[in-house]
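# Architecture and fold: a report
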Amino acid sequence: MPLIELKSVSKIYPLGNQQVVAVEDLSLQIEAGEFTVLAGPSGSGKTTLLNMIGCLDRPSNGEVWLDAEEVGQADSKTLSQIRLNKIGFIFQSFNLVPVLTAAENAEFTMMLMGIGKKQRRQRIVDLFAQLGLQGLEDRKPNDLSGGQQQRVAIARAMAAEPAVVLADEPTASLDTQTSEELLALMKELNREQGTTFIFSSHDPLVISHAQRVVSLRDGRLESDR
Amino acid sequence: MPILRCFLLFLLLYPATVSAFDLAELIRKVEQQYNGDSSEIELEMTIKTGHWERQLKMESWSLGRERFLVRILAPAKEKGVATLKVDREVWNYLPKVDRVIRIPPSMMGGAWMGSHITNDDLVKANHIDEDYDFTLLEEDERRWVIEGIPKPEAAVIWGKIIYRLQKEPLVPIEVEYFDEEDVLVRRIVFDDVQAVSGRTIPLRMQVLPVEKPEEKTIMHYRKVKFDIDLQEEYFSLGRLKGRR
Amino acid sequence: MLWQLALRNIWRNRRRTLLTLSAMVISSALLILCLGVFSGMLKDMLASATEQYFGHLVISAKGYQDDRDMFANFPADLDLPALRHPQVTGYSPRLRSFGLLSFANNSAPVELLGIRPQHEQQVTSLQDHLQSGRYLREEERNGAVIGAGLAKRLAVQPGDELVFVTQAADGSIGNDLLQVSGIFSTGDQGHDNSLVLVPLGWLQQLLVLPGKLHEISLRVEQPRQAAILAGQLTGGMPPELEVLDWGQMLPEMKEVVASYDVSRMIIVTILYIATGLGILNTFFMSVLERTREFGVLMAVGMRPGQIRLMVLLETLAMGLISLIFGVGLGVLLSLYMAFVGIDLSGSLTPITYAGGTILPRLHAVLETANILVPAVVLLLVCLLAGFLPANRAARMQPVVAIREE
Ligand SMILES: Nc1ncnc2c1ncn2[C@@H]1O[C@H](COP(=O)(O)OP(=O)(O)OP(=O)(O)O)[C@@H](O)[C@H]1O
Ligand SMILES: [Mg+2]
């Protein structure tokens, strides 16, 4: 059984008196441990799809299965619980909490889960070492470079050991070299910890790193290789 | 036509004007009956209240409307207490402390010598004919009933005064005093009419407060002399103190 | 963790937070000061009526206080258990007379209160308001302590001899000399212009009322509880006497005191509505600015309830901080006003209202309720003002919130 399965999923946004079909009748399976990129031009439905997989949004039609559970129609409380326990998010614009330090940002989800302080510290030390963030624990996000911030964001997404990490154009705000480094890091985490990664991107560099590329066009599946 | 109307109007107005003049004159005579041009009177004043009753003997002098002096002769405790009125001012003399006290305007409504007569009565009674407008309410062959209403600008205490006067000889029978709300406050009843010193006057006057029926003040005139030889200088603070 | 986050969040926009905080601090401090001054005025008023004249309770013949009839008196040697009641801290037997007081060419209508100096000082505090001269002495035969307005009207000074005339109880003309011992000035026009304290024995003799009293005025431990005590004392009274409390003698004053609690709430409400709207505005802005952040927090797994709690904690923290400083500042200002005060007698005259006198001064008294009410209401206002933005933050859809720029 795949970790993630979308069955004929559609997402229709009402826009005034019109309807915008962001995703249309899309079916997709992603196995645990995959390193997948959702590719496609702007407006093709990448973010919409990621949001549905990430339990941030519900599909208009169809089913979303995560870890053998249908989450498409769950209530918002259940969804936030699933997000906390099973999903890690990485955003294009990092979106760290500015009043928290790098370490606090990274351990935030663990705190929400009620994990003890000692265990949290250990996990942060490990992750920061792995992500090359040693010595930056007590910095506030504003005092970090973009690449550093995104690495903290990766740490935050990974900290609670989620089943899947979703990253919506994680490198769009970074320069090529930093992007390259980050992709290498994430691939390493994917390999070593077996975490499933799903990216969205229209950056050829990112796409070239991917194990599997799912191309979207106008909300439909164009190719899968 | 216009001539006739004028004539009628004349008929209507003429008696009224004449009588208004006469009425004020009548009242003046009544209010001045004890004064004359000048007078010297010995009287007894009996005051009855719910708590005590007492009798004062006094002697008094007057000259015209504006000068008046009265001194207590008995009882011994108050012998020598005297009141002097000159124009609109009133002074009291207290022999016990040998002091003269001027009665301030705010105390003019206060009782005079503990009686039912106020200081105002002393000051303003003499001007009633000037401060009020009079109308004849009733008349028969023996008496007049006259109503006095204060003139708009007059500073007076009563809202209305009704006089009952006997025509022949001209003496008051009763005077009723009403407050601004037209409530009867006090009556003064006159009797014991006698001819003394060339005039006919009631020798007894009873002041009856309506609200306290058990209380009254009676003034009884004992020796009356009119038109005696008195000068204005007689009514001095020195005289008030009993010194010549 | 939420506390930590909330505390850090309120320091995010330091300038705005400080502005909001100072508005809250200043409004609550001013409120406390304002209520303190208000209480001070009330206390002055009550004191002027009771501690400068009536006393807290008065024993007199039934009906005496309605018309002050000279004949409604009672013997001074009655044995009254009320005078020994533990709550009664002092009593003063009195005889009263209205008459004319005169000096040289000036005369004025006055109210004479025949008293025994040592007793009267237990009940009223005219001895503390002497402008010149001294209070009556126990052995003095015909001394008089007179009001400043009266002294001015008669043009007298301590040492001058006055004549008092009135009608005695036997109908005679009571008159005797008094010698001015002292002149008091309380600010109460009524008393300053007409009240005279004289020795009880002298007045009894003048009025021919030997051994008689019109009233016994009492001072009690708790003036606000005087009515209850009056009820208790009535039981042990001879049937012809009654005990009245200051509320019965001054019904308007009683109403003023009773309406004080309501007025306080009105003042608090008005001031805090303004403050509350300010806080509401600030919090709404701070929540709207952080829409995306809330979206992210929800995306990473924070529950809506936690978001709401966090925002409420922020407002509560603001409330607590401003409460500490506001109350501190308010108490300091009140203390200053209590011990120093501001004298306005240069530009204002005393106002006599409801039988008491409001002195031309700003003077505060510290009362627990005057601090507690603004403090508690401030917290409530903060939570209320925080509730709307907190709810809004909690109801956001994470997808929509994240897309927000
Ligand atoms: N909330 C919304 N209301 C209406 N239309 C929406 C909404 N969200 C997305 N859409 C529309 O749905 C379509 C897919 O949008 P989506 O954001 O998923 O595209 P995308 O592939 O992520 O594009 P990009 O590369 O620019 O991020 C677009 O046409 C977009 O305008
Ligand atoms: Mg997108």
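About the criteria used
Residues numbered from 1 in each chain as written. Chains lettered and ligands numbered in written order. Predicted model: local features only at pLDDT ≥ 70, side-chain atom pairs only at ≥ 80, totals over all residues. Heavy atoms only, no water. Pairing = 2+ DSSP bridges. Helix = DSSP H or I, 4+ residues; strand = E, 2+ residues; numbered from the N terminus. Contact = heavy atoms within 4.5 Å. Axes fitted to C-alpha atoms, helices over the stretch in contact; angles between N-to-C directions. pLDDT = per-residue confidence, 0-100. 1 Å grid on protein atoms, 1.4 Å probe; cavity = no way out; pocket = protein on both sides within 12 Å on 5 of 7 lines; lining within 4 Å. Points joined across faces, edges and corners; volume = space filled by probe spheres on them. Nonpolar A, V, L, I, M, F, W, Y, C, P; charged D, E, K, R; others polar. Buried < 20%, exposed > 50% of the residue type's maximum accessible area, 1.4 Å probe, protein only. UniProt positions renumbered as here; feature names shortened; annotations may be inferred. Core = buried A, V, L, I, M, F, W, Y, C linked by side-chain atoms within 4.5 Å. Domains from an automatic or database assignment. Buried area = accessible area lost by both parts, 1.4 Å probe. Salt bridge = Lys/Arg side-chain N within 4 Å of Asp/Glu carboxyl O. Phe/Tyr/Trp six-rings, centres within 6.5 Å; stacked < 30°, edge-to-face > 60°. Lys NZ or Arg CZ within 6 Å of the ring centre and 35° of its normal. Near = heavy atom within 4 Å. Polar contact = N/O pair within 3.5 Å; in protein donor to acceptor, adjacent residues only side chain to side chain. Areas by Shrake-Rupley, 256 points an atom, 1.4 Å probe, with all protein chains shown as cover.

### Overview of the sheet that holds strand 5 (residues 69-70) of chain A
All names here are of chain A. Here we have four strands laid out as an open sheet, ordered 2-1-4-5, and antiparallel in their pairing. Because the sheet does not close on itself, it has two edges, and the strands there are strand 2 (18-30) and strand 5. Across two bridges, the pairing between strand 4 (residues 61-66) and strand 5 is antiparallel. Looking at the pairing, Trp-65 lines up with Glu-70 of strand 5. Helix 1 (residues 46-53) contacts strand 1 (4-15), strand 2 and strand 4 of the sheet and is inclined by roughly 120 degrees relative to strand 1.

### Some remarks on the confidence of the model for chain A
Scored by pLDDT, chain A comes out at a mean of 90, with 100% of its residues at no less than 70. Confidence scores differ between elements of chain A, with helix 7 (residues 204-209) of chain A showing the lowest mean pLDDT of 86 and strand 3 (residues 35-39) of chain A the highest of 93.

### Examining empty space enclosed by the protein
A full pass over the atoms with the stated rule returns two cavities of 30 Å³ or more. Looking at the second largest cavity, the residues that line it are Arg-83, Leu-84, Asn-85, Ile-87, Gly-88, Phe-89, Thr-109, Arg-156, Ala-157, Ala-160 and Pro-162 of chain A together with Val-300 of chain C. Secondary-structure elements contributing two or more residues to the lining of the second largest cavity are helix 2 (76-86), strand 6 (87-90) and helix 5 (146-159) of chain A. Residue composition of the lining of the second largest cavity, by class: seven nonpolar, three polar and two charged.

### Considering unusual backbone geometry
Going from Ala-74 of chain B to Pro-75 of chain B, the amide bond is cis rather than trans, its omega being 0 degrees. With respect to the helices, strands and loops of the structure, Pro-75 of chain B is situated in the loop between strand 3 (67-74) and strand 4 (82-86). The omega angle of the peptide bond from Glu-168 of chain B to Pro-169 of chain B is -10 degrees, so this bond is cis rather than trans. Even without a glycine there, the phi angle at Ala-68 of chain A is positive, about 65 degrees. For Asp-98 of chain B, which is not glycine, the phi torsion reads 55 degrees and is therefore positive. Its place among the elements puts Asp-98 of chain B in the loop between strand 5 (89-94) and strand 6 (99-102). Among the residues examined, Asp-98 of chain B registers a relative accessible area of 39% and is labelled partly exposed.

### Some thoughts on the UniProt feature "transmembrane region" (unreviewed entry) in chain C
Residues and elements named next belong to chain C. UniProt records the feature "transmembrane region" (unreviewed entry) at residues 21-42, 265-288, 309-339 and 369-388, using the numbering of this structure. Taken as a whole, residues 21-42 contains 100% helix and 0% strand, while its terminal C-alpha atoms sit 31 Å from one another. Secondary structure across residues 309-339 comprises 100% helix and 0% strand; the distance between its end C-alpha atoms is 43 Å.

### Notes on the nonpolar core
Buried together is how nonpolar side chains tend to be arranged in soluble globular proteins. Ranked by internal contacts, the top residues of the largest apolar core, which has 96 residues, are Leu-57, Ile-59, Leu-101, Leu-112, Ile-146, Leu-178 and Val-196 of chain C. Mapped onto the domain boundaries, this core takes at least three residues apiece from domain 1 (2-49 + 254-403) and domain 2 (63-239) of chain C. If sequence neighbours within four positions are ignored, Leu-178 of chain C has contacts with Leu-101, Leu-112, Asn-142, Gly-143, Ala-144, Asp-160, Glu-161, Leu-162, Phe-164, Val-198 and Trp-202 of chain C. Among the nonpolar cores identified, the runner-up in size contains 52 residues, and Leu-26, Leu-94, Tyr-132 and Val-224 of chain B belong to it.

### Description of the interface of chain A and chain C
With 25 residues of chain A at the contact, the number on the chain C side is 21 residues. When chain A packs against chain C, the two sides together hide about 2000 Å² of surface, and 67% of this comes from carbon and sulfur. Viewed at the interface, chain C and chain A are joined by one salt bridge. One salt bridge in this structure joins Arg-8 of chain C and Glu-104 of chain A, with 2.4 Å as the shortest N-O distance.

### Side note on the pattern of salt bridges
With the rule as written, the count across this model stands at 42 salt bridges over all chains. The residue Asp-182 of chain B makes a salt bridge to Lys-160 of chain B at a minimum N-O spacing of 3.2 Å. Here Asp-182 of chain B, found in the loop between strand 10 (171-178) and strand 11 (184-196), pairs with Lys-160 of chain B, found in strand 9 (residues 160-166); they are 22 residues apart in sequence, far enough to count as distant. Relative accessible area serves as the criterion here: at 46%, Asp-182 of chain B is assigned to the partly exposed category. A residue is classified by how much of its surface remains accessible, and Lys-160 of chain B, at 14% relative accessible area, is buried. Here Glu-51 of chain C makes a salt bridge to Arg-219 of chain C, at a shortest N to O gap of 3.9 Å. Taken together, the residues span a long stretch of sequence, with Glu-51 of chain C in helix 2 (residues 14-54) and Arg-219 of chain C in strand 11 (residues 215-220) at a distance of 168 residues. Residue Arg-219 of chain C is classed as partly exposed on the basis of its relative accessible area of 24%.

### A word on the packing of aromatic side chains
Within the structure shown, the criterion is met by eight aromatic pairs over all chains. Ring geometry for Trp-61 of chain B versus Tyr-234 of chain B: centroids 5.8 Å apart, planes at 55 degrees, classification tilted. Separated by 173 residues along the polypeptide, Trp-61 of chain B in strand 2 (residues 53-63) and Tyr-234 of chain B in the loop between strand 13 (216-226) and helix 4 (237-240) bring together distant segments of the chain. Summarising the burial analysis for this pair, Trp-61 of chain B and Tyr-234 of chain B share the class buried. Considering the side-chain rings of Tyr-53 of chain C and Phe-54 of chain C, the 4.9 Å spacing of their centres and the 75 degrees angle between planes classify their relative orientation as edge-to-face. The two residues Tyr-53 of chain C and Phe-54 of chain C agree in class, both being buried. The cationic tip of Lys-160 of chain B hangs over the ring face of Phe-178 of chain B; the distance from NZ or CZ to the ring centre is 4.5 Å. Between the NZ or CZ atom of Arg-186 of chain B and the centre of the ring of Tyr-177 of chain B, over which it lies, the distance is 4.4 Å.

### A few points about the site of ligand 1
Residue and element names in this part refer to chain A. Lining the immediate surroundings of ligand 1 are 15 residues, of which Ser-42, Gly-43, Lys-46, Thr-47 and Thr-48 lie closest. Ser-42 places a polar side-chain atom, nitrogen or oxygen, 2.4 Å from an oxygen atom of ligand 1. With respect to ligand 1, the side chain of Glu-169 contributes an N or O atom lying 3.3 Å from an oxygen atom. Coverage of ligand 1 by the protein amounts to 70% of the 630 Å² it exposes when considered alone. Listed by contribution, the elements that provide at least two residues to the shell around ligand 1 are strand 1, strand 2 and helix 1. If one sorts the elements of the shell around ligand 1 by residue count, helix 1 sits on top with three residues. Among the residues forming the shell around ligand 1, the class breakdown is five nonpolar, seven polar and three charged.

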